[in-house]
Amino acid sequence: MDMPRLGPAHEALKAFVGDWTGTEELAASPWAPASTAHADCEYRLALNGFAVIQHYRQRREDGSEFLGHNVFTADPATGETLWYGFDSYGFPPESPGRGGWTGVTLTLEKTTARGVARHRLTPDGGTLTHEIDLRMGENPGYSPFLRARYTRKEQQRARNCQTPGVQMKA
C-alpha cells in the first residue's frame, strides 16, 4: 500500500497558520438573530504537515459564545481539501466539507440535513476573509450568512505599539 504524501493542498493550507482576530457580521439564522461578533482563530500545523487544526472562539454582542474545533487536510485520492468541523452547537460532522483552491481562495462546501454551507476563505498576507453562504430547505439559492475580516494578531500588536516616526520590527 502506498502511503499518502504531502501535496499542493497541504502546502496551501500553511497560509492559514497563525493567530487571527477580527469582526464578523452575521445574518439572522435558525440558530441566532442577526448580529456583529468578535472572533479569534488559531491555526496550527499538525501531524507532520498533513493537517492544519483551527481553534475558533466567537463572542456575540449579547455575550453569547460559539466555539469551534476544525481540522483541515487533503484527500489523498482526489487532492481535494477536506474540512472536519466540531462546534459548541453539538452537531457531529456527518461527512467533511470538500473543496479546493482558486488562486488564494479556498472554497469548501459542507452538506448536512440542515442545508448546504459554502465557505470561502482567503488568506492574503496579514488579512484573512471568511464568507459563508447558506442554502436551506427547498430554497435553490444561497443567502449570505457570515462576512468576516481578520488580521494576524502579530501585525495587530505591531500597529497598536507603533509611535509616529518609529518603525517597529515584527
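See the structure printed just above.
These lines cover the structure that appears in this document, whether it is placed above or below. (Residues numbered from 1 in each chain as written. Predicted model: local features only at pLDDT ≥ 70, side-chain atom pairs only at ≥ 80, totals over all residues. Heavy atoms only, no water.)

1. Focus: the overall build of the protein chain
In step 1: From N to C terminus, the protein chain includes two helices and 10 strands.
In step 2: When the helices and strands of the protein chain are placed in sequence order, the string is α-β-β-β-β-β-β-β-β-β-β-α.
In step 3: Taken against the 2.2 N^0.38 rule, which gives 15 Å for 170 residues, the C-alpha radius of gyration of the protein chain at 17 Å falls within 12% of a compact globule.
In step 4: In terms of its C-alpha atoms, the protein chain occupies a principal-axis envelope of roughly 55 × 45 × 25 Å.
In step 5: Counting every position in the protein chain, which comprises 170 residues, the buried fraction comes to 40%.
In step 6: Carbon together with sulfur atoms contributes 55% to the accessible area of the protein chain, which is approximately 9900 Å² in total.
In step 7: Computed over 19 positive and 20 negative side-chain charges, the separation of the two mean positions in the protein chain equals 5 Å. (Helix = DSSP H or I, 4+ residues; strand = E, 2+ residues; numbered from the N terminus. Rg over C-alpha atoms; globule rule 2.2 N^0.38 Å. Buried < 20%, exposed > 50% of the residue type's maximum accessible area, 1.4 Å probe, protein only. Areas by Shrake-Rupley, 256 points an atom, 1.4 Å probe, with all protein chains shown as cover. Lys, Arg positive; Asp, Glu negative; His and termini not counted. Charge placed at Lys NZ, Arg CZ, Asp CG, Glu CD.)

2. A few points about the layout of surface pockets
In step 1: Roughly 170 Å³ of internal volume is contained in the largest pocket.
In step 2: Taken together, Pro 4, Arg 5, Gly 7, Pro 8, Ala 9, His 10, Phe 50, Thr 73, Ala 74, Asp 75, Pro 76 and Gly 79 form the lining of the largest pocket.
In step 3: Put simply, the parts of the chain that give the lining of the largest pocket at least two residues each are helix 1 (8-13) and strand 4 (65-74).
In step 4: Sort the elements by how many residues they give to the lining of the largest pocket and helix 1 lands first, with three residues.
In step 5: Partitioning the lining of the largest pocket into residue classes produces six nonpolar, four polar and two charged. (1 Å grid on protein atoms, 1.4 Å probe; cavity = no way out; pocket = protein on both sides within 12 Å on 5 of 7 lines; lining within 4 Å. Points joined across faces, edges and corners; volume = space filled by probe spheres on them. Nonpolar A, V, L, I, M, F, W, Y, C, P; charged D, E, K, R; others polar.)

3. Regarding the side chain of Asp 133
In step 1: Along the chain, Asp 133 turns up in strand 9 (residues 127-135).
In step 2: Within the structure, the side chain of Asp 133 is placed 2.8 Å from the side chain of Arg 147, a separation counted as a polar contact.
In step 3: Residues contacting Asp 133, with those up to four places away along its chain left out, are Val 116, Ala 117, Arg 118, Arg 120, Tyr 142, Ser 143, Pro 144, Phe 145 and Arg 147. (Polar contact = N/O pair within 3.5 Å; in protein donor to acceptor, adjacent residues only side chain to side chain. Contact = heavy atoms within 4.5 Å.)

4. Focus on the nonpolar core
In step 1: Within the largest apolar cluster, 24 residues are counted, with the highest numbers of intra-cluster contacts made by Phe 16, Tyr 43, Phe 72 and Tyr 150.
In step 2: Of all the secondary-structure elements, those providing two or more residues to this core are strand 1 (18-26), strand 2 (35-46), strand 3 (51-60), strand 4, strand 7 (105-112), strand 8 (115-124), strand 9 and strand 10 (143-152).
In step 3: Filtering out sequence-adjacent residues up to four positions away, Phe 72 remains in contact with Leu 13, Tyr 43, Phe 50, Ala 51, Val 52, Gln 54, Leu 82, Trp 83 and Leu 108. (Core = buried A, V, L, I, M, F, W, Y, C linked by side-chain atoms within 4.5 Å.)

5. Concerning the packing of aromatic side chains
In step 1: Evaluated as defined, the whole model comprises seven aromatic pairs.
In step 2: Arranged with centres 5.3 Å apart and planes meeting at 20 degrees, the rings of Phe 16 and Tyr 43 form a pair that is stacked. With Phe 16 in the loop between helix 1 and strand 1 and Tyr 43 in strand 2, this residue pair connects regions lying 27 residues apart in the sequence.
In step 3: Assessed through its relative accessible area of 1%, Phe 16 is described here as buried.
In step 4: Judged by its relative accessible area of 2%, Tyr 43 is buried. (Phe/Tyr/Trp six-rings, centres within 6.5 Å; stacked < 30°, edge-to-face > 60°.)

6. What to know about unusual backbone geometry
In step 1: The phi dihedral of Leu 47 is positive, around 55 degrees, even though this residue is not glycine.
In step 2: Given the relative accessible area of 60%, Leu 47 is considered exposed.
In step 3: Phi at Asn 48 is positive, roughly 55 degrees, even though this residue is not glycine.
In step 4: Taking the relative accessible area as the measure of exposure, Asn 48 reaches 73% and is therefore exposed.

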